[in-house]
Amino acid sequence: MILSDLSQSSRYEGLHSAFPKVFQYVKSHNLLNAELGKIEIDGDKVFIINSEPECLSKENQVLEYHRKYLDIHILLSGEETIGWKNLADCKQEKKAFDEENDYGLYEDKPTTYITLKPNQFAIVYPEDAHAPIIGEGKIRKLVVKISVE
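Right, let's walk through the structure included here. Owing to the predicted nature of the structure, the values given are computational and were not obtained by experimental measurement.

How each quantity is defined
- Residues numbered from 1 in each chain as written.
- Predicted model: local features only at pLDDT ≥ 70, side-chain atom pairs only at ≥ 80, totals over all residues.
- Heavy atoms only, no water.
- 1 Å grid on protein atoms, 1.4 Å probe; cavity = no way out; pocket = protein on both sides within 12 Å on 5 of 7 lines; lining within 4 Å.
- Points joined across faces, edges and corners; volume = space filled by probe spheres on them.
- Nonpolar A, V, L, I, M, F, W, Y, C, P; charged D, E, K, R; others polar.
- Helix = DSSP H or I, 4+ residues; strand = E, 2+ residues; numbered from the N terminus.
- Contact = heavy atoms within 4.5 Å.
- Pairing = 2+ DSSP bridges.
- Axes fitted to C-alpha atoms, helices over the stretch in contact; angles between N-to-C directions.
- Salt bridge = Lys/Arg side-chain N within 4 Å of Asp/Glu carboxyl O.
- Buried < 20%, exposed > 50% of the residue type's maximum accessible area, 1.4 Å probe, protein only.

Some points on empty space enclosed by the protein
Inspection of every chain in the model, using the stated rule, returns one cavity of 30 Å³ or more. By volume, the largest cavity amounts to about 40 Å³. Around the largest cavity, the lining residues are Lys58, Gln61, Val62, Leu63, Asp108, Lys109, Pro110, Tyr113, Ala131 and Ile134. Of the residues belonging to the lining of the largest cavity, the class tally is six nonpolar, one polar and three charged.

Following this line, the structure appears as structure tokens:
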């Protein structure tokens, strides 16, 4: 997992060929006031989910993981905590991996928590089990999905 601020995104643009386009798009559009839903950047290879979820407590959130996509969680408003644990160390499966929807769930407790403030982001790779949307109340966030295949 990588944690940073949008003002520093250029430092990470070399890590994936889609990163420059994604960060440029996010920084050049007013997504806080945009319609909620899916924003296509490059079909199913790169897209953004603009959402306004209700946060959960640490006790009520589970770890998720993906194989086909990496995520970039970008906070637009509020405060969001994301739990993390190395996927290889997860043992308590809650839901077997769903190939069609690209996710599986574990009930293990995260080993690390980070808290995002507006304009901060976390890049989550397939080896990163993560528990997003922990906190209080509603937040506004983007989840960028980028194919790793």
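Focus: the environment of leucine 87
Here leucine 87 lies in the loop between β6 (80-86) and β7 (93-98). Each C-alpha atom of the pair leucine 87 and aspartate 98 lies 16 Å from the other, and the pair is eleven residues apart in sequence. When residues no more than four places from it in sequence are discounted, the contact partners of leucine 87 are Tyr65, Tyr106, Pro126, Glu127 and Ala129.

Topic: the sheet that holds strand β2 (residues 37-42)
Spatial ordering of the open sheet is given by β1-β10-β5-β12-β3-β2, a layout of six strands whose pairing is antiparallel. Edge positions in the sheet fall to β1 (2-5) and β2, since each has one partner strand and no second. Strand-to-strand twist across the sheet, computed as the mean angle between neighbouring axes with direction ignored, equals 20°. In terms of strand pairing, β2 meets strand β3 (residues 46-51) through five bridges, oriented antiparallel. When the bridges of β3 are listed, lysine 38 appears paired with isoleucine 49.

A look at the pattern of salt bridges
Per the stated rule, a full pass over the model turns up seven salt bridges. Taking the shortest distance from any N to any O, the salt bridge between arginine 67 and glutamate 99 comes out at 3.1 Å. A residue pair is termed long-range when its members are at least 10 positions apart, and arginine 67 in the loop between β4 (63-65) and β5 (69-77) and glutamate 99 in the loop between β7 and β8 (103-106) qualify at 32 residues. Among the salt bridges present, the one from glutamate 79 reaches lysine 117, with a minimum N-O distance of 2.4 Å. Here glutamate 79 is found in the loop between β5 and β6, whereas its partner lysine 117 is found in the loop between β9 (112-116) and β10 (120-124), with 38 residues between them in sequence. The partly exposed category is assigned to glutamate 79, whose relative accessible area is 39%. The exposure class of lysine 117 is partly exposed, given its relative accessible area of 39%.

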